[in-house]
Structures are given as structure tokens and as C-alpha cells.
Amino acid sequence: MPTVHLLDYVAGNVRSLVNAINKIGYEVEWVRSPSDVKNVEKLILPGVGHFGHCLSQLSDGGYLQPIREHIASGKPFMGICVGLQALFEGSDENSNVPGLGLIPVRMNKFNAKTKSVPHIGWNSATNTRVDSSGGQSFYGLNPSSKYYYVHSYAAIYEPDVLEKEGWLVATASYGEEKFIGAIARDNIFATQFHPEKSGQAGLRTIRAFLDGAKIHSLISDDSTATEEKNGLTRRIIACLDVRTNDAGDLVVTKGDQYDVREKSGANAGGQVRNLGKPVDMAKKYYEQGADEVTFLNITSFRNCPLADLPMLEILRRTSETVFVPLTIGGGIRDAVDTDGTHVSALDVATMYFKSGADKVSIGSDAVTAAEEYYEAGKVLSGKTAIETISKAYGNQAVVVSVDPKRVYVDRPEDTKHSTIQTKYPNARGQAYCWYQCTVKGGRETRDMDVCQLVQAVEAMGAGEILLNCIDKDGSNSGFDLELINLVKSAITIPVIASSGAGKPEHFKEVFDQTTTDAALGAGMFHRGEYTVGEVKHYLGDNGFLVRRFEPDV
């Protein structure tokens, strides 16, 4: 197999990039020292996390000058995400840390007053030199394809500035801001999006770079791309609750208000619902068009060494065939290994990232951290799992899973918590409620409302909220729209609507009536009542922008 070299400065999930490169027929070798770079033909610099962390790691390791020399020699170079940002002059994320300066532009933070930040999801990468009449594009980019982005800082596009210097530029729009999604000149190709997480469209760009296929003609279907098709799509996430069943096998299950045991039928009597094998089901949902796959580990493997956790193997196997983002939740906390060794939450997260995860989800421990945050007078400790992981890997790598439940009151004055006047009074006629935070799978409550929790974790560095609802879980009655709007009004980071989806109409409803950034389904997919593809087809028929299926490369 032909070879490409990767320079990994501890950039998060590089396993998926290796798997993507292997899938299209190339072998990966690692750059182990600065002196290795001079012998490299094709070099890829992946990146996740902070601009300053990336450049500092490269500088401290002695890699900056070898990278410059590699590029100056005319050998192929590809940068991904922060690997693209490193080519620019600098970034407002770390204003005192200079970039390589090959592109005379600085990275700026997205305007969080008008939209959620980070920018997470599937967006365009449209060549600025391609119009509706078609033409040529570069490195396999297709104006009608969608690519996976996850970032807070971007190079805002100024028309013709870089093109006059010979750069080929592909852009995407997020709200009112247009930014650089990909850029190329001579031997350089870099993407702000993650091609290894962009399904077949992303694999096509990696193959084009490795094969040296810089310029390609757009087929007739490509030229139909219009401005209306550009922008961020509606993101549909498939969620798999994973635990051991009574026979000790790992299975995907689904509960009713978090109870996962059968209540009727052949397996009645308390058996754990077995809906399938995690790896097989993840692959199925990927092939149906899922934009992300989330694994929630709801089994505590107390007697298992951390390095041998079954979820690590699930991630390794899944990332070999699933090329969209993978999130893992459950057990991301400080732990004591079976040999008595203390392992930090950051070290646990690192094991998951190295096994194929792109994000980690933190649940009950986030509530505890929020309580300590408020007890300290809204002062950050710098020691929580959210803070340490987001500092190392970027806030886009940290999801906080929230499990609130309704508490009804007669009047807002009856509680100190944030209340809403609901359209759905309870049996007693109470028309006001607040959402109480819970822990331990909803088994315990805390004296904290959902707005307090999400504002605290946003301050700590969480990049996304997975918003569940105990009252709606397993109901198939639709999402709690009032809860979603309440939370969206309290924070600026993206929110994933969860709990209650039972049919495609519920996804239309949540995107119509809230500003949620994504929506998640579980039981309706697991039971085969609807496929992910059917939901996306329904949304597309109703005027929503969704990522379309693309054939295998």
C-alpha cells in the first residue's frame, strides 16, 4: 500500500483519520521526530482543540521549521481543522501565539449573539470560482455535498483577497458570516471541516489529496447547487443506550422514563430489553444517513480495568466503518483503576478519544460540578472534568447530558427557580412549572433548575448540551418544546433535543417551533418503526435542509 505520514501532536481522535486513510487504500506512518519530516513525501497535520495548544506543541516539539521546509519543497501537505488554522497568521483564540503565517488572515470567533457557538454540524464547502453554470472544483469538493464542521473560530471570507494571491477557496455560511471551509494552492490543501467525519464526501477529498487529483470537473448534478442549498443542515442523531443484559452481553436497550426492563411479552419479568448489537446498529444508522451516533454507557464496569473497558472496543470497531462523529457518555470521571491507580477524568476521556470518540458526554458529575461552582460564588476551580477536558481538546469535545423533570407550582412566587407558564397544566390545574435537575439516571433530584445547570457548564467550557427530558422519555409523544426553548434562551452553545421522538413529524415540529441545533432519536429507530433516512426524507420534503445520502467512494 502507498504511504502517507501523519504528525500527531495529541490532537484528539486520530483513529478515525487513520481508518479513513486505510479504507481508501493507503498506509499510515507516524512522524516521530522533527528529523523525520525531511524524509516524508505526503504529510497530514490533523488538529482538534485550541489554536494555541496546537502551535505551542508544534513549537516545543521543534516541528514548525520542518513543516515550513516541507511545504516550501513542494511536497504535498494537508491540514485538517486546527491544522488549517495553523497556516494562518494567528487566531483570536490565542492572540499571543503566531501561526505559520502562510495565509495573511487571522482567525476570528463566530458572532455568538446571533447563533450558537461552537459551529457544529454539516455545512457546505463551495468553490468561490464555481457559479451555477458549473465548472471545476478542487480536491473532490462538491458544491452539493455537506461536510462536518466543529469549531468556534474561523477565517471570515473577504471576496477575491486570497484568490488574487493564487489561492483556491471554498466557503460555507453560518448565519450572516461566510468563512473559509477549505483552501488550496500549489502543494497545499487544508480543510476547516473534518473529512474523516464527513461520510463519503469527506473520504472523496482525502482520496483526491492522496492521489494528487487537485482539479476535477464538476458533473452536471454538481452544477445544480444553489445558494438555497448552502448553509448548516438539520442534524439528526441516532442514540444507542448500551448496557449488559442479564446474560452479561453488551446490548443496545431503551427505557420508558429510564426503566430498561421488559414489562410484558415473552421477556416479561424484569429482563433487560435487547434491541441489538451496538457496533452493528451504529453501522446501520450510518448507512441510513445519521449525522452523528451517540453511545450512552449505562452499565458501570466496576471490576474491569479501565484500559479494557468494553466501550473502548466498541468505539474501535465502530470507527472502522462509521465515518461520522461518535460521542460516548458514561463513566467520564475521575476513577480508581482495579490496581489502585488514580486515573483522572481527562485520562479517561483520552482513552476514549484514542479509541475513536470525537466527543465525550458528562452527566451526573456535571450537576455536582455546577453545585460547587455556585457554592464558590460562580468561581471556576479549573479542576472539573468539563474544564480539564475542554482545555485539552476544545469545548467542542465536551457534551453535557442533562436529565430534568417537571415540577409544577401554583405561582412563580412559590419557587426560587426559573419557571414557565406551560400550555399543559397538570391534573391539579397547576399552570406553572420549573425543570428540576436529576442525577443517577433520574433516580435522585437536586435543588437546581435546568437553566442554572446549563449556564454553569457553559461557563466551565462545555460545547454542547444533550437535553433529555424524563417526563418525555419513551413516550413517543414528541419533544418537550417548552423545555427546549427555555434552555436555548439561557445559553449560546448548541443544544441537542432528546426524549420523546416517535415519528418523523416530531422532528419537523421541533425544528419548526424551537431553535434547537439538532434532534436525537432512539427507540423509534431501534424498533424499526422508522429509519433515519425516512426522517430526513420527510424533513427534506417539508423544506428543511438535510444532508443527502452519497454513494460509496
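Residues numbered from 1 in each chain as written. Predicted model: local features only at pLDDT ≥ 70, side-chain atom pairs only at ≥ 80, totals over all residues. Heavy atoms only, no water.

**Describing the pattern of salt bridges**
Working definition: two side chains of opposite charge can pair if their charged atoms are close together. Taken as a whole, this structure holds 24 salt bridges when the rule is applied. The partner of Asp92 in a salt bridge is Arg106, with the nearest N and O atoms 3.5 Å apart. Of the two residues, Asp92 sits in the loop between β5 (88–91) and β6 (103–109) while Arg106 sits in strand β6, which places them 14 residues apart along the sequence. Exposure remark for Arg106: the relative accessible area of 30% places this residue in the partly exposed category. In the salt-bridge network here, residues are joined through shared partners; they are Arg235, Glu292, Lys359 and Glu464. (Salt bridge = Lys/Arg side-chain N within 4 Å of Asp/Glu carboxyl O. Helix = DSSP H or I, 4+ residues; strand = E, 2+ residues; numbered from the N terminus. Buried < 20%, exposed > 50% of the residue type's maximum accessible area, 1.4 Å probe, protein only.)

**Focus: the environment of Gly474**
Position of Gly474 relative to the elements: it lies in the loop between β28 (464–467) and α12 (481–490). Along the backbone, Gly474 and Gly500 are 26 residues apart, and their C-alpha atoms lie at a distance of 5.9 Å.

**With respect to the environment of Gly329**
By the secondary structure assignment, Gly329 is in strand β19 (residues 326–329). Residue Gly329 is classed as buried on the basis of its relative accessible area, which comes to 3%. Note: C-alpha distance between Gly329 and Gly363 (34 residues apart in sequence) is 7.7 Å. In this structure, Gly329 is in contact with Phe295, Leu296, Asn297 and Ser361, ignoring residues within four places of it in sequence. (Contact = heavy atoms within 4.5 Å.)

**Re the environment of Gly199**
When you line up the elements, Gly199 lands in helix α5 (residues 199–211). In the structure, Gly199 is positioned 350 residues away from Phe549 in sequence and 9.1 Å away in space, judged by C-alpha atoms.

**Here's the deal with the layout of surface pockets**
The volume enclosed by the second largest pocket comes to roughly 490 Å³. Residue lining of the second largest pocket: 28 residues in total, with His50, Glu93, Gly394, Asn395 and Gly461 positioned closest to the centre. For the lining of the second largest pocket, the elements supplying multiple residues, two or more each, are α4 (82–85), β10 (147–151), α10 (385–393) and α11 (450–460). Its residues assigned to classes, the lining of the second largest pocket comprises 12 nonpolar, 11 polar and five charged. (1 Å grid on protein atoms, 1.4 Å probe; cavity = no way out; pocket = protein on both sides within 12 Å on 5 of 7 lines; lining within 4 Å. Points joined across faces, edges and corners; volume = space filled by probe spheres on them. Nonpolar A, V, L, I, M, F, W, Y, C, P; charged D, E, K, R; others polar.)

**Considerations on empty space enclosed by the protein**
A complete count under the given rule lists four cavities of 30 Å³ or more for this structure. There is about 160 Å³ of room inside the largest cavity. Taken together, the residues that form the lining of the largest cavity break down as eight nonpolar, four polar and four charged. The wall of the second largest cavity is formed by 10 residues, among which Asn13, Pro46, Gly47, His194 and Glu196 lie closest to the centre. Grouping the constituent residues of the lining of the second largest cavity by class yields six nonpolar, three polar and one charged.

**Concerning the packing of aromatic side chains**
Taken as a whole and judged by the stated rule, the model has 17 aromatic pairs. Consider the rings of Phe110 and Phe179, whose centres lie 5.3 Å apart with planes at 80°: the pair is edge-to-face. Within this pair, whereas Phe110 is found in the loop between β6 and β7 (119–123), its partner Phe179 is found in strand β13 (residues 177–185), the two being separated by 69 residues in sequence. Across the pair, Phe179 and Phe110 agree in class, each one buried. Among the aromatic residues, ring-to-ring pairing joins Phe110, Tyr147, Tyr149, Tyr174, Phe179 and Phe193 into one connected group. One Lys or Arg, Lys115, reaches over the ring of Tyr174 and ends 5.4 Å from the middle of that ring. Arg547 extends its terminal NZ or CZ atom over the ring of Trp122, reaching a point 3.9 Å from the ring centre. (Phe/Tyr/Trp six-rings, centres within 6.5 Å; stacked < 30°, edge-to-face > 60°. Lys NZ or Arg CZ within 6 Å of the ring centre and 35° of its normal.)

**Here we look at the sheet that holds strand β3 (residues 43–45)**
The eight strands are arranged β2-β1-β3-β4-β14-β13-β12-β8 in an open sheet whose pairing can be described as mixed. Only two strands of the sheet have a single partner each, and these edge strands are β2 (27–30) and β8 (126–127). Pairing of β8 with strand β12 (residues 168–174), which is carried by two bridges, proceeds in the antiparallel orientation. Residue pairing across strands places Asn127 opposite Ala170, the latter belonging to β12. (Pairing = 2+ DSSP bridges.)

**Section: helix α3 (residues 64–72)**
Three or more residues of α3 are buried, namely Leu64, Pro66, Ile67, His70 and Ile71. Looking straight down α3, one finds its buried side chains confined to an arc of 165°; they lie on one side. Where α3 is buried, its residues meet β3, α2 (51–60), β4 (77–80) and β14 (188–191). (Arc of directions from axis to C-beta.)

**With respect to the packing of helix α6 (residues 278–288) against helix α7 (residues 310–318)**
Direction vectors running N to C along α6 and α7 enclose 35°, while the axes themselves pass 9 Å from each other. Here the hand of the crossing between α6 and α7 comes out right-handed. Contact residues: Pro278, Val279 and Ala282 in α6; Ile314, Arg317 and Thr318 in α7. The residue makeup of the contact of α6 with α7, split by class, is four nonpolar, one polar and one charged. (Axes fitted to C-alpha atoms, helices over the stretch in contact; angles between N-to-C directions. Left-handed = near helix turned anticlockwise from the far one by under 90°.)

**Some points on the sheet that holds strand β11 (residues 153–154)**
Within a sheet, each strand pairs with its neighbour through backbone hydrogen bonds, oriented either parallel or antiparallel. If you trace the three strands from one edge of the open sheet to the other, you get β5-β6-β11, paired in mixed fashion. This sheet does not close on itself; its edge strands, each paired only once, are β5 and β11. Relative to β6, β5 runs parallel, the two being bridged by three bridges. Counted as the bridge partner of Phe88 is Ile103 from β6.

**Section: the side chain of Glu177**
For Glu177, the location among the structural elements is in strand β13. The exposure class assigned to Glu177 is buried, which follows from its relative accessible area of 16%. Not counting residues within four places of it along the chain, the set of residues in contact with Glu177 comprises Lys109, Phe110, Asn111, Lys115, Ile156 and Ala172.

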